[in-house]
Protein chains: 2
Amino acid sequence: MSDITIVDIAKQAGVSIKTVSRVINREEGVGPATRARVEDLIEKLGYRPNVSARSLSSRRSYLIGVVFMRVGAYHYVGEVQVGAMRACRRAGYHMVIEQVDDPGQARGPGLEQALKAGRFDGLVLTPPVCDDPEILAIIEAQGLSYVRVAPDRDFGRSPYVFMDDQQAAHDMTARLWDLGHRRIGFIDGPADHGSARRRREGYMTAMAERGARVRPEWIAPGDFMPLSGLEAGDQLLGLPEPPTAIFAANDSMAMGVLSAASKRGLSVPGDLSVVGFDDGPLAESSWPGLTTVHQPIAEMAEAATEMLIEGFGDPRFRSRTAARQLDYHIVERGSSTSR
Amino acid sequence: MSDITIVDIAKQAGVSIKTVSRVINREEGVGPATRARVEDLIEKLGYRPNVSARSLSSRRSYLIGVVFMRVGAYHYVGEVQVGAMRACRRAGYHMVIEQVDDPGQARGPGLEQALKAGRFDGLVLTPPVCDDPEILAIIEAQGLSYVRVAPDRDFGRSPYVFMDDQQAAHDMTARLWDLGHRRIGFIDGPADHGSARRRREGYMTAMAERGARVRPEWIAPGDFMPLSGLEAGDQLLGLPEPPTAIFAANDSMAMGVLSAASKRGLSVPGDLSVVGFDDGPLAESSWPGLTTVHQPIAEMAEAATEMLIEGFGDPRFRSRTAARQLDYHIVERGSSTSR
DNA sequence: AACGGCATAGACAACGTTGTCGTATCGTGG
DNA sequence: CCACGATACGACAACGTTGTCTATGCCGTT
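A. Region of the structure containing the overall build of chain A. Helix and strand counts for chain A come out as 13 helices and 12 strands. Taken against the 2.2 N^0.38 rule, which gives 20 Å for 339 residues, the C-alpha radius of gyration of chain A at 25 Å runs more than 25% over that of a compact globule. Overall, chain A is about 85 × 40 × 35 Å in size when its C-alpha atoms are taken along their principal axes. Put simply, of all contacts in chain A between residues at least 6 apart along the chain, 70% involve residues at least 24 apart. For chain A, the exposed area adds up to about 14100 Å²; of that, 49% sits on carbon and sulfur atoms.

B. Representation of the side chain of A:His170 in the model. Relative to the helices and strands, A:His170 resides in helix α8 (residues 165-178). When neighbours within four sequence positions are excluded, A:His170 is seen to be in contact with A:Gly202, A:Tyr203, A:Thr205, A:Ala206, A:Glu209 and A:Arg210.

C. Region of the structure containing the pattern of salt bridges. Residues and elements named next belong to chain A. One pass over the full model with this rule turns up 36 salt bridges over all chains. Arginine 86 is paired through a salt bridge with glutamate 302; the nearest N and O atoms lie 2.8 Å apart. Here arginine 86 is found in helix α5 (residues 74-91), whereas its partner glutamate 302 is found in helix α13 (residues 297-311), with 216 residues between them in sequence. On the basis of relative accessible area, arginine 86 is assigned to the partly exposed category, the value being 34%. Put simply, arginine 324 and glutamate 306 hold a salt bridge, and the shortest N to O gap is 3.3 Å. Note that arginine 324 is positioned in strand β11 (residues 323-326) and glutamate 306 in helix α13, a separation of 18 residues in sequence. On the basis of relative accessible area, glutamate 306 is assigned to the partly exposed category, the value being 23%. Several salt bridges converge on common partners, so that one network encompasses Arg86, Arg90, Glu299, Glu302, Glu306 and Arg324.

D. Representation of empty space enclosed by the protein. Enumeration over the complete set of coordinates arrives at two cavities of 30 Å³ or more. Space inside the largest cavity adds up to approximately 80 Å³. The wall of the largest cavity is formed by A:Val51, A:Ser52, A:Ser55, A:Ser61, A:Leu63, A:Arg119, B:Val51, B:Ser52, B:Ser55, B:Ser61, B:Leu63 and B:Arg119. Taken together, the elements giving at least two residues each to the lining of the largest cavity come down to α4 (51-58) of chain A together with α4 (51-58) of chain B. Partitioned by chemical class, the residues of the lining of the largest cavity number four nonpolar, six polar and two charged. In this structure, the second largest cavity occupies an estimated 50 Å³ of space. Lining of the second largest cavity is provided by A:Arg70, A:Tyr74, A:Val77, A:Gly78, A:Gln81, B:Arg70, B:Tyr74, B:Val77, B:Gly78 and B:Gln81. Elements with a minimum of two residues in the lining of the second largest cavity: α5 of chain A together with α5 (74-91) of chain B. Residues belonging to the lining of the second largest cavity are distributed by class as follows: four nonpolar, four polar and two charged.

The rules behind the values
- Residues numbered from 1 in each chain as written.
- Chains lettered and ligands numbered in written order.
- Predicted model: local features only at pLDDT ≥ 70, side-chain atom pairs only at ≥ 80, totals over all residues.
- Heavy atoms only, no water.
- Helix = DSSP H or I, 4+ residues; strand = E, 2+ residues; numbered from the N terminus.
- Rg over C-alpha atoms; globule rule 2.2 N^0.38 Å.
- Contact = heavy atoms within 4.5 Å.
- Areas by Shrake-Rupley, 256 points an atom, 1.4 Å probe, with all protein chains shown as cover.
- Salt bridge = Lys/Arg side-chain N within 4 Å of Asp/Glu carboxyl O.
- Buried < 20%, exposed > 50% of the residue type's maximum accessible area, 1.4 Å probe, protein only.
- 1 Å grid on protein atoms, 1.4 Å probe; cavity = no way out; pocket = protein on both sides within 12 Å on 5 of 7 lines; lining within 4 Å.
- Points joined across faces, edges and corners; volume = space filled by probe spheres on them.
- Nonpolar A, V, L, I, M, F, W, Y, C, P; charged D, E, K, R; others polar.

What follows is the structure, encoded as structure tokens:
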């Protein structure tokens, strides 16, 4: 156990504990010589301030909560954690993760209690938690700062980080077009899902810009799960004039399309190009590898955490509707090729 | 912000703060009437003890660190977190996650600093961190309690939780045998990976018990990645007398085998049965669904966290070589059938 | 009646840091 | 040479809890 305290450092340096405190916190009012002496001692003894004492006194916990819901892909949450962790480390914060299993649980012993315990200097919220009005209300009632990652609405409610799903889908569609594909199918996501909607619109816009008439039967419904991709793919490939390329609104459904193709004995990308959206682990591990849009999830979480930390001390933080946009990019793998 | 403190409760209840403290901590020495009155008041005012003050005074942080390395599957880490979170919630602990990106980083600003800050009542270590001697040394130097999940060696070094990989692989092999398969291929994992070795041994034992001679070419090398599964599958299916069933040492490689089969125009499970190990998200999302061994990852992490929390206060905790074994089960999906 | 023991409760000092305010010391301008 | 402001530092009281020690009341026993 790290038994040395600020008092030990102060004694050995021949200064008061307050001076040591000043050095630790990079406050001014310490002469260069004194500062150096104290810093050396801290280094030498391997002293680390006790975080509990620190937060008790300063009313800051140096703790950031990352709130998420366990839906579908572990991948998303995992990437968020990686990014948030990077930012936390840099700023000397720790990261506590808080899981909300279902909206009802928010008021149970879970989230609310955790928030009330007086921890957390701020929160990073990920979808779909960041769009849950009940949870937002609880958080705001506690007076906590928070930043949202890829929120779907209430953009003015807090700072947030996002990427342009629509433009990304547009680019991907344009890419297929440039490869010579003209009959391009699209597999939609859940109806109430904002990202899914934006992706569909990107597809539609790109097609329209190129003077292509999107036939209604080219757009098949899906729910982001692989099985729905299989069914939708089956449906599209069963058309009298089937598409030569299929753009699924996420990777999982694209995987389903690969299965559908294999069921019909079609080779990918020879007979059919398939592209997805997300660049999750599935995209790499499928065969052939999936051409898809890379979402910078870790980077978005990192940026969000950064914004949060920078905003501490600013009382008007919550109303500052800062937003940061990050870039996607298209990852070319084996599942798409020119016609 | 939760501005009410133990003092407010004490005043309103007409008792001393110490008595309130006793109620909170379920200590004895409080009369039933007093206890009830205090409890009501706590409930009514929504009071939650300030964790910083608590840990400063009690030298307990009510914080548990989950240490992991970001390798391969998000799924594993995700499940670990789910399980550990359950145990933490029950016991009123919070969960801080600490990522070790590579062994070298352990001594960098990352893990060691985090540990020194005097946080963490204990740690839960997951593979492969739990087998890293350097990291274990750092942790032990801090005098921290820890429990390992599925360690691969040094079993006497700390309490741990595990499942019987060998028996599971044995059962799975027996199952294929009972379905009528006689030529059963096996795709191995990385050479230095303990679980992989145990799974192979389970397969070998089961075959041997049934009097089957395992031809060397039935065992193909792999590295737990899907591509290696594809190659190994290709190799096995290219044999003059190809196996009728392939058992891959993990799900990712089993996915590769599915691709290999589809490349050769073989239908699964009609022409070939394929089974895996892990029951990760791939197993559900593949087509056909993968028959596989379900590893109770979340449950193992939960048990480990429980052991950790129960062990607090026991100074000889680390040397208590308690171990808890959890059960696997086989999940039947569409990728295997009788011959 | 006196006493010991138990159940219940409170007073007070930690815990290790930061915030507030006070005080030397020093250089500088008048 | 003095007044004065800046600079560098320290004393001391928070912060909200728990740990330790002590006090009170009540019961049963002798």
